Amino acid sequence: VAERYADRSSPFWHPATKETADHSIAFVMAAALLDGTVNQATYRDERICDPRLHALLDRMTIRENAQYTKRFPDAWPCRIDIGTKSGERHVAECEYFLGHVKNPLSDAQLESKFRQLAGPRMGAARVDAAAKDDVALERAGSDTEPFQDG
C-alpha cells in the first residue's frame, strides 16, 4: 500500500482534484499540519492549489515499513514522524486509523463529525433533530452487529 504513496511522480504528491487529494496521505497530512484539521474546506480547489501546502509537500517523505506492510490488511499500522526547524521531533503511531471498527469514533466524535458535515447543508435545527433521533435509536437498542467487521 505505502509504495504507491512513496512514489513522488505519483499524482498523490501534487493532487489537482478533490478525488486525488482525498486519497493522498501526503496531501491530507500537509493540510492537517497547516490547518490543524481536515474538513470539507481542505478539498476546495483553492486549497488544493495552495502554494504553501505544495511547498510543505515538497519537504515531506513517505517510506514503506516492511513490517507494517506484512500486517496489512489485518492491521492498518501507521507512524508519523515530524521534525521541526528547531530540531524537535514529534512521533505518533497507531494500529488502526480513527474510525476503523477496531478504533471507533466515540459518540461525541461521531456527533461532532455529523454536525460539521451536515450542518451547512441541513441547518442547525434539522441537525439537532437528527442527532436527537439517533440518540433515541441508541436507547431503543438498535443492533449494529450485522455491520461490524471482525
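The rules behind the values
- Residues numbered from 1 in each chain as written.
- Predicted model: local features only at pLDDT ≥ 70, side-chain atom pairs only at ≥ 80, totals over all residues.
- Heavy atoms only, no water.
- Helix = DSSP H or I, 4+ residues; strand = E, 2+ residues; numbered from the N terminus.
- Buried < 20%, exposed > 50% of the residue type's maximum accessible area, 1.4 Å probe, protein only.
- Contact = heavy atoms within 4.5 Å.
- Phe/Tyr/Trp six-rings, centres within 6.5 Å; stacked < 30°, edge-to-face > 60°.
- Salt bridge = Lys/Arg side-chain N within 4 Å of Asp/Glu carboxyl O.
- Axes fitted to C-alpha atoms, helices over the stretch in contact; angles between N-to-C directions.
- Left-handed = near helix turned anticlockwise from the far one by under 90°.
- Core = buried A, V, L, I, M, F, W, Y, C linked by side-chain atoms within 4.5 Å.

### Here's the deal with the side chain of Thr42
Here Thr42 shows up in the loop between helix H3 (25-35) and helix H4 (45-48). Overall, the relative accessible area of 1% leaves Thr42 in the buried class. Setting aside residues up to four positions removed in sequence, Thr42 forms contacts with Phe27, Ala31, Thr37, Arg47 and Ile48.

### Section: the packing of aromatic side chains
By the definition in use, this model includes three aromatic pairs. Judged by centre distance (6.2 Å) and plane angle (35°), the ring pair of Phe27 and Tyr43 falls under tilted. Of the two residues, Phe27 sits in helix H3 while Tyr43 sits in the loop between H3 and H4, which places them 16 residues apart along the sequence. Residue Phe27 is classed as buried on the basis of its relative accessible area, which comes to 0%. We classify Tyr43 as buried; its relative accessible area is 17%. With 5.3 Å between their ring centres and 85° between their planes, Trp76 and Phe97 make a pair best called edge-to-face. Of this pair, Trp76 sits in the loop between helix H6 (66-71) and strand E1 (78-83) while Phe97 sits in the loop between strand E2 (89-94) and helix H7 (107-122), and the two are 21 residues apart along the sequence. For Phe97, a relative accessible area of 39% corresponds to the partly exposed category.

### Let's talk about unusual backbone geometry
Omega for the peptide link from Phe72 to Pro73 comes to 10°, which places this bond in the cis form. Mapping Pro73 onto the fold places it in the loop between H6 and E1.

### Observations concerning the pattern of salt bridges
Taken as a whole, this structure holds nine salt bridges when the rule is applied. Among the salt bridges present, the one from Arg79 reaches Glu93, with a minimum N-O distance of 3.8 Å. Pair noted here: Arg79 is in strand E1 and Glu93 is in strand E2, with a separation of 14 residues, a long-range link. Two residues, Glu111 and Arg115, come together in a salt bridge whose shortest N-O distance is 2.8 Å. In this pair, Glu111 and Arg115 both sit in helix H7, four residues apart, roughly one turn of the helix. On the basis of relative accessibility, which here comes to 32%, the residue Arg115 falls in the partly exposed class. Connected through shared salt-bridge partners, Arg79, Asp81, Arg89 and Glu93 make up one network.

### A short note on the packing of H3 against helix H5 (residues 51-58)
Interaxial distance between H3 and H5 falls to 9 Å at its minimum, and their mutual angle equals 120°. You can see that H3 and H5 cross each other, and the crossing is right-handed. Of the residues in H5, those touching H3 at Ala26, Phe27, Ala30, Ala31, Leu33 and Leu34 are Arg52, Leu53, Leu56 and Leu57.

### Details of the nonpolar core
Counting residues in each nonpolar core, the largest one holds 15 residues, and the members touching the most others are Trp13, Ala26, Phe27, Ala30, Leu53, Leu57 and Met60. If you list the elements that add at least two residues to this core, you get H3 and H5. For this core, the element with the most residues is H3, which contributes four residues. When residues no more than four places from it in sequence are discounted, the contact partners of Leu53 are Phe27, Ala30, Ala31, Leu34 and Arg47.

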